[in-house]
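Examination of the molecular architecture
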Amino acid sequence: MTQISRRALMTTAGALAVSACTPQSADASVAQYANSPFRRITDAQWRERLPRAAYDVLRHEATERPGSSPLNNESRRGTFVCRGCELPLFRSQWKYDSGTGWPSFYEVIAANIGTKTDFAIGYPRTEYHCARCLGHQGHLFMDGPRPTGKRYCNNGVALIFRPG
């Protein structure tokens, strides 16, 4: 019989409690985009379609260097769309300077993202992705401005800006 240490039990229970409180949980696999043709593109096809940095972020959940995205300075009116499938994700009026070095937004077009709990750095975070192509966008934090208090911290290489 395997014995579970008290520390391991408490750590696991704490992680589960925090992840159970994750805001705006959504399972993109059962959403309106579940039958999207973008879900049938192979990894090799994605590699051909996307620039290397965008491929690494969108398909393998990498993170771009902070301060490296030209979208940090984008202030025109328009829409930020997923680089993988061009699904609209953010409106320009929701963008703000979070001081983190990544494009940040306090609101999202909720039907167009899915979320999951990410333990990649050892504790739970809310990862969000495009609901249509499942491309990784970034992480959601609860330290944003009013009115939502949310910070959608996005990788710039995962987005395209469409003025208008």
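In what follows, the accompanying structure is described. (Residues numbered from 1 in each chain as written. Predicted model: local features only at pLDDT ≥ 70, side-chain atom pairs only at ≥ 80, totals over all residues. Heavy atoms only, no water.)

Attention now moves to the overall build of the protein. Per the secondary structure count, the protein includes 3 helices and 9 strands. Listing each helix as α and each strand as β along the protein from the N terminus yields α-α-α-β-β-β-β-β-β-β-β-β. Within the span of the protein, comprising 164 residues, buried residues form 43% of the whole. Taking the contacts inside the protein whose residues are at least 6 apart along the sequence as the reference set, 56% of them involve residues at least 24 apart. Looking at the protein as shown, the accessible area adds up to about 9400 Å², and 53% of this sits on carbon and sulfur atoms. (Helix = DSSP H or I, 4+ residues; strand = E, 2+ residues; numbered from the N terminus. Buried < 20%, exposed > 50% of the residue type's maximum accessible area, 1.4 Å probe, protein only. Contact = heavy atoms within 4.5 Å. Areas by Shrake-Rupley, 256 points an atom, 1.4 Å probe, with all protein chains shown as cover.)

This paragraph deals with the pattern of salt bridges. Applying the stated criterion to the full structure yields 7 salt bridges. Lys-116 is the salt-bridge partner of Glu-61, the closest N and O atoms lying 2.8 Å from each other. Taken together, the residues Glu-61 in the loop between helix H3 (52-60) and strand S1 (78-82) and Lys-116 in strand S5 (residues 113-118) connect sequence positions 55 residues apart. (Salt bridge = Lys/Arg side-chain N within 4 Å of Asp/Glu carboxyl O.)

Okay, the sheet that holds S1 next. Judged by pairing direction, the sheet is antiparallel, and its 3 strands sit side by side in the order S2-S1-S9 without closing on themselves. Strands at the two margins of the open sheet, each flanked by one partner only, are strand S2 (88-91) and strand S9 (159-163). Taking each pair of neighbouring strands and ignoring which way they run, the sheet shows an average axis angle of 30°. Relative to S2, S1 runs antiparallel, the two sharing 3 bridges. For Thr-79, the partnering residue across the bridge sits in S2 and is Arg-91. (Pairing = 2+ DSSP bridges. Axes fitted to C-alpha atoms, helices over the stretch in contact; angles between N-to-C directions.)

Within this model, the second largest pocket holds a volume of roughly 160 Å³. Lining the second largest pocket are Thr-63, Trp-102, Arg-125, His-136, Gly-138, His-139, Phe-141, Arg-151, Cys-153, Asn-154 and Asn-155. Residue assignment for the lining of the second largest pocket shows that the elements contributing at least two residues are strand S7 (136-141) and strand S8 (151-154). Broken down by element, the lining of the second largest pocket gets its largest block of residues, 4 residues, from S7. The class makeup of the residues in the lining of the second largest pocket is 3 nonpolar, 6 polar and 2 charged. (1 Å grid on protein atoms, 1.4 Å probe; cavity = no way out; pocket = protein on both sides within 12 Å on 5 of 7 lines; lining within 4 Å. Points joined across faces, edges and corners; volume = space filled by probe spheres on them. Nonpolar A, V, L, I, M, F, W, Y, C, P; charged D, E, K, R; others polar.)

Our next topic: the packing of aromatic side chains. Across all of its chains, the model carries 6 aromatic pairs by this definition. Look at Phe-90 and Phe-105: their rings are 3.9 Å apart centre to centre, the planes differ by 10°, and that puts the pair in the stacked class. Residue Phe-90 is located in strand S2, and its partner Phe-105 is located in strand S4 (residues 104-105); the two are separated by 15 residues in the primary sequence. Judged on exposure class, the residue Phe-90 and its partner Phe-105 are both buried. Joined through ring pairs, the aromatic side chains of Phe-80, Phe-90, Phe-105, Tyr-128, Tyr-152 and Phe-161 make up one cluster. (Phe/Tyr/Trp six-rings, centres within 6.5 Å; stacked < 30°, edge-to-face > 60°.)

The next thing to look at is the nonpolar core. Of all hydrophobic cores here, the largest spans 28 residues; its most connected members are Phe-90 and Tyr-152. Elements supplying a minimum of two residues to this core: H3, S1, S2, strand S6 (125-130) and S9. Apart from the residues within four sequence positions on either side, Phe-90 is in contact with Gly-78, Thr-79, Phe-80, Phe-105, Glu-107, Val-108, Ile-109, Tyr-128, Tyr-152, Asn-154 and Leu-159. (Core = buried A, V, L, I, M, F, W, Y, C linked by side-chain atoms within 4.5 Å.)

Counting buried positions over the 6 residues of S7 gives 5, a clear majority of the element. Pairing between S6 and S7: 4 bridges, direction antiparallel. When the bridges of S7 are listed, Tyr-128 appears paired with Gly-138. Turn length for the S6-S7 hairpin, with the two strands adjacent in sequence and antiparallel, is 5 residues, and the turn residue Leu-134 shows positive phi of about 65°. Inspection of the sheet shows S7 paired to S8 by 4 bridges, in the antiparallel sense. Residue His-139 lies in a different strand from S8, and its bridge partner there is Cys-153.

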